[in-house]
Amino acid sequence: MAKSGPKSGKRIVMKFGGTSMAGTERIRRVANLVRAQAAAGNQVAVVVSAMAGETDRLINFCREANALYDPAEFDVVVSSGEQVTSGLLALTLQSLGTKARSWLGWQLPVRTIEAHSKARIETIDAPGLIEALEDGEIAVIPGFQGVSEEGRITTMGRGGSDTSAVGIAAAINADRCDIYTDVDGVYTTDPRIVAKARKLKAVTYEEMLELASVGAKVLQTRSVGLAMKAGVRIQVLSSFGDDDAASADELPGTLIVSDMEMDQLVENGDMERQLVTGIAHDKNEAKIILTRVPDKPGAVAHIFEPLADASINVDMIIQNVGRDKGETDVTFTVPQADLARAQAMLEDRLEDIGFNRIITDSHIAKISVVGVGMKSHAGVASTMFRALSDRGINIQAISTSEIKVSVLIDEDETELAVRVLHTAYGLDAVEEAV
Ligand code: ADP
Ligand code: ASP
Ligand code: MG
């Protein structure tokens, strides 16, 4: 039975990731969590992912069917995993005696731009949804999917259900967007890699945006950007707590907060101010080196313009000091998935660019340290370089922003580098005395 606590009368979005939705037994757990929120007097919209592994399976089918797949049909296939889980959750809620129905992306509708597999939400029609919520019906919405102006199904990129959830929360003006996953909050680094990672009570939007964009996949980057813009209050928490786990209303997870709220938490002694908030890694980039590029105005533009035109995101860039004969080497990174395309494109333009050789390497990882404390304190980068060099880890490229330092290293050294840095910045959890 759902606990019947005091009526809190909030409007809440609850999002459940793939591990939480993996199979009918887990869906029943989810249904119980949802029912408890509704029983407490809240209006509840639920956003669900496909079952864990399902989206990968569907992507493979598309590849097998046609290696040069049509992106619009690809989206028809890969969006289907969420259609299944949303229907199953609605059915399970109904079996528990709760009023519930599914709202597919095209039914709401969640309107997105046409860019298949990386669609961005433009508008979400909320009135029908709000009416249903006010009528006491639980709305179950498949994440990740939307509909283009042309009426075709679109998807929002891997991890896109987070963005669907935040979009829905903004559209219905929800009090909170709870993102339920398989860890109980945002940690100082991936807790599956560093056992001593510490759970954070709160992270600022700016830091979370940066952490997500450099590989902390606990939230999709775009969801954090949208939440920051729309002022959506996000909590990351676990769907795997035992029966007497704290209710989501007690905020047991990690809150994503504004700078002002963070200052308040620090002032109240609820949070410690750290120089570095978190460390992330990303193994999905690849390095390209072009040797002996002419060291003259316009040369670099010749390299990067065609990549930009093809929507290939270039991340770290190093132009080495010019060598003899007015030549230089240019090193940069692109997403691994775009490496073959980028390489072919550059080879086609060999004459225009005038390089000698193209060298590529996918066996790399980007390690980043993030923290707003860096704005006012020097020495974060040098601590990083010293700690890595003490363990014999070679740095192949460096990039920085106001609140982040990233380095490129050999992929085999990823876990070691993250652990070493976690200790170097004093982030390790203190073992509790027994
Ligand atoms: P879901 O399927 O619920 O969307 P994801 O797999 O997308 O879940 O995200 C949760 C995972 O994110 C965790 O299992 C964890 O391994 C990983 N992760 C990476 N960095 C962090 C971090 N700093 N804090 C918490 N989890 C992290
Ligand atoms: N099912 C999609 C994925 O695996 C979207 C999501 O889970 O957020 O990327
Ligand atoms: Mg996810």
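This text goes with the structure placed above it.
Residues numbered from 1 in each chain as written. Chains lettered and ligands numbered in written order. Predicted model: local features only at pLDDT ≥ 70, side-chain atom pairs only at ≥ 80, totals over all residues. Heavy atoms only, no water.

Asker: What am I meant to see in the site of ligand 1 here?
Answerer: Around ligand 1 sit 16 residues, and of these Thr181, Asp182, Tyr187, Asp190 and Arg192 come closest. Here Asp182 contributes a side-chain N or O atom positioned 2.8 Å from an oxygen atom of ligand 1. Lys217 is positioned such that a nitrogen or oxygen atom in its side chain is 3.2 Å from an oxygen atom of ligand 1. The residue inventory of the shell around ligand 1, partitioned by class, reads six nonpolar, five polar and five charged. (Near = heavy atom within 4 Å. Polar contact = N/O pair within 3.5 Å; in protein donor to acceptor, adjacent residues only side chain to side chain. Nonpolar A, V, L, I, M, F, W, Y, C, P; charged D, E, K, R; others polar.)

Asker: Mind showing me how you'd approach helix α7 (residues 205–213) here?
Answerer: Turning to α7, its buried residues number three or more, namely Tyr205, Glu207, Met208, Glu210, Leu211 and Ala212. Positive backbone phi, approximately 125 degrees, marks Gly215, located one or two places after α7. (Buried < 20%, exposed > 50% of the residue type's maximum accessible area, 1.4 Å probe, protein only. Helix = DSSP H or I, 4+ residues; strand = E, 2+ residues; numbered from the N terminus.)

Asker: Explanation requested: the site of ligand 2 in the structure shown.
Answerer: In the vicinity of ligand 2, the residues found are Ser49, Thr55, Glu82, Phe144, Arg158, Gly159, Gly160 and Ser161. Contacts to ligand 2 include Ser49, whose side-chain N or O atom sits 2.9 Å from an oxygen atom. Within the side chain of Thr55, a nitrogen or oxygen atom sits 2.8 Å from a nitrogen atom of ligand 2. When isolated, ligand 2 has an accessible area of 260 Å², and the protein chains bury 87% of it. The residue makeup of the shell around ligand 2, split by class, is one nonpolar, five polar and two charged. (Areas by Shrake-Rupley, 256 points an atom, 1.4 Å probe, with all protein chains shown as cover.)

Asker: For this particular structure, what's the right way to read the sheet that holds strand β16 (residues 327–335)?
Answerer: Working definition: the strands of a sheet are paired by backbone hydrogen bonds and lie parallel or antiparallel to each other. What the four strands build is an open sheet, ordered β15-β16-β14-β17; its pairing is antiparallel. Unpaired on one side and paired on the other, β15 (317–319) and β17 (357–361) mark the two borders of the sheet. Going across the sheet, the axis of each strand differs from the next one's by a mean of 15 degrees, ignoring polarity. Pairing analysis gives five bridges linking strand β14 (residues 285–294) to β17, with the strands arranged antiparallel. Along β17, the bridge assignment pairs Ile289 with Ile359. Of the strands in this sheet, β14, β15 and β16 are in contact with helix α10 (residues 299–309), which crosses β16 at around 20 degrees. (Pairing = 2+ DSSP bridges. Axes fitted to C-alpha atoms, helices over the stretch in contact; angles between N-to-C directions. Contact = heavy atoms within 4.5 Å.)

Asker: Would you mind going over the pairing of strand β19 (residues 397–401) with me for this structure?
Answerer: Looking along a regular strand, one sees side chains alternate from face to face of the sheet. With five bridges connecting them, β19 and strand β20 (residues 404–410) associate as antiparallel partners. For Thr400, the partnering residue across the bridge sits in β20 and is Val405. Between β19 and the antiparallel strand that follows it, β20, lie two residues.

Asker: Looking at this structure, I do not really get the nonpolar core. What am I missing?
Answerer: Where a protein is soluble and globular, its nonpolar side chains tend to be buried together. By size, the foremost hydrophobic cluster in this structure holds 44 residues, and its most contacted members are Val13, Leu129, Ile141, Ile168, Ile172 and Met208. Beyond its immediate chain neighbours, meaning those up to four positions away, Leu129 contacts Trp103, Leu108, Ala139, Ile141, Ile168 and Ile172. Grouped together as the second largest cluster of nonpolar side chains are 24 residues, Tyr187, Val194, Val380 and Val405 included. (Core = buried A, V, L, I, M, F, W, Y, C linked by side-chain atoms within 4.5 Å.)

Asker: Is there a simple way to think about the sheet that holds strand β18 (residues 364–370) in this case?
Answerer: Spatially, four strands are ordered β13-β18-β20-β19 in an open sheet, and the strand pairing comes out antiparallel. This sheet does not close on itself; its edge strands, each paired only once, are β13 (278–282) and β19. Averaged over all pairs of adjacent strands, the angle between strand axes in this sheet comes to 20 degrees, irrespective of strand direction. Where β18 lies against β20, seven bridges are found, and the strand directions are antiparallel. Across the sheet, residue Lys366 finds its bridge partner in β20, namely Leu408. The strands touched by helix α13 (residues 380–390) within the sheet are β18, β19 and β20, with β20 carrying the most contacts at an inclination of about 20 degrees.

Asker: Before we go on, may I ask you to explain the pairing of strand β1 (residues 11–16) in this structure?
Answerer: With six of six residues buried, β1 is to be regarded as a mostly interior element. Here β1 shows two buried faces, one formed by Arg11, Val13 and Lys15 and the other by Ile12, Met14 and Phe16. Bridging between β1 and strand β2 (residues 43–48) involves six bridges; their strand directions are parallel. Bridging from a neighbouring strand, Lys15 pairs with Val47 of β2. In terms of handedness, the path from β1 via helix α1 (residues 24–39) over to β2 forms a crossover that is right-handed. Pairing of β1 with strand β9 (residues 176–181), which is carried by five bridges, proceeds in the parallel orientation. Of the residues in β9, the one forming a bridge with Val13 is Cys177. (Right-handed = clockwise from strand over helix to strand, strands pointing away.)

Asker: It is not clear to me how the packing of aromatic side chains should be interpreted in this structure. Could you clarify?
Answerer: The description of an aromatic ring pair rests on the distance of the ring centres and on the angle between the ring planes. Evaluated as defined, the whole model comprises three aromatic pairs. When the ring of Tyr69 is compared with that of Phe74, the centres are 4.6 Å apart and the planes differ by 15 degrees; the resulting orientation is stacked. Under the relative-accessibility criterion, Tyr69 is labelled partly exposed at 29%. Pairing Phe304 with Phe332 gives two aromatic rings, centres 4.9 Å apart and planes at 75 degrees, and the pair type is edge-to-face. On the criterion of sequence distance, the pair formed by Phe304 in helix α10 and Phe332 in strand β16 is long-range, its members being 28 residues apart. As far as burial versus exposure is concerned, Phe304 and Phe332 are alike and both buried. Its guanidinium or amino end placed over the ring of Trp103, Arg101 lies 3.8 Å from that ring's centre, counting from NZ or CZ. (Phe/Tyr/Trp six-rings, centres within 6.5 Å; stacked < 30°, edge-to-face > 60°. Lys NZ or Arg CZ within 6 Å of the ring centre and 35° of its normal.)

Asker: Just to check I follow, could you spell out the environment of Thr360 for this structure?
Answerer: Secondary-structure assignment places Thr360 in strand β17. For Thr360, a relative accessible area of 32% gives the class partly exposed. Taking the C-alpha atoms as reference points, Thr360 and Leu255, 105 residues apart in sequence, are found 40 Å from one another. Dropping the residues within four chain positions of it, Thr360 is found in contact with Lys287, Ile288, Leu339 and Gln343.

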